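Commentary on secondary and tertiary structure
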Amino acid sequence: MTTKSLQELSELCRSEKLAYKKCCNYVSETSNEDLRCALGNLANGHKQRYEALRVYLDKN
């Protein structure tokens, strides 16, 4: 894998982590249950992608 590819994957990983943190923050700031549920689902997706990228990057 090229250095450029690894850099791009690392940036994607950082972006997923930031998106996860933002979703979690929004969940804690809203009282609307439907919105909390939707944001929680989004947060979980970002967390899963972040963890998958970390595992992949740790192997390379």
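See above for the structure.
With that out of the way, let us pick up the pattern of salt bridges. Tallied over the full model, the rule gives 5 salt bridges. Of the charged contacts, one joins Glu16 and Arg49 as a salt bridge, the two residues approaching to 3.2 Å between their closest N and O atoms. Remark: Arg49 occurs in helix 2 (residues 33-59) and Glu16 occurs in helix 1 (residues 3-29); sequence separation between them is 33 residues. The partner of Arg36 in a salt bridge is Glu33, with the nearest N and O atoms 3.5 Å apart. Of this pair, Arg36 and Glu33 both sit in helix 2, 3 residues apart, which is roughly one turn of the helix.

So, about the side chain of His46. Note that His46 resides in helix 2. Aside from chain neighbours lying at most four places away, what touches His46 is Glu16, Ala19, Tyr20 and Cys23.

Reading the values: rules and limits
Residues numbered from 1 in each chain as written. Predicted model: local features only at pLDDT ≥ 70, side-chain atom pairs only at ≥ 80, totals over all residues. Heavy atoms only, no water. Salt bridge = Lys/Arg side-chain N within 4 Å of Asp/Glu carboxyl O. Helix = DSSP H or I, 4+ residues; strand = E, 2+ residues; numbered from the N terminus. Contact = heavy atoms within 4.5 Å.

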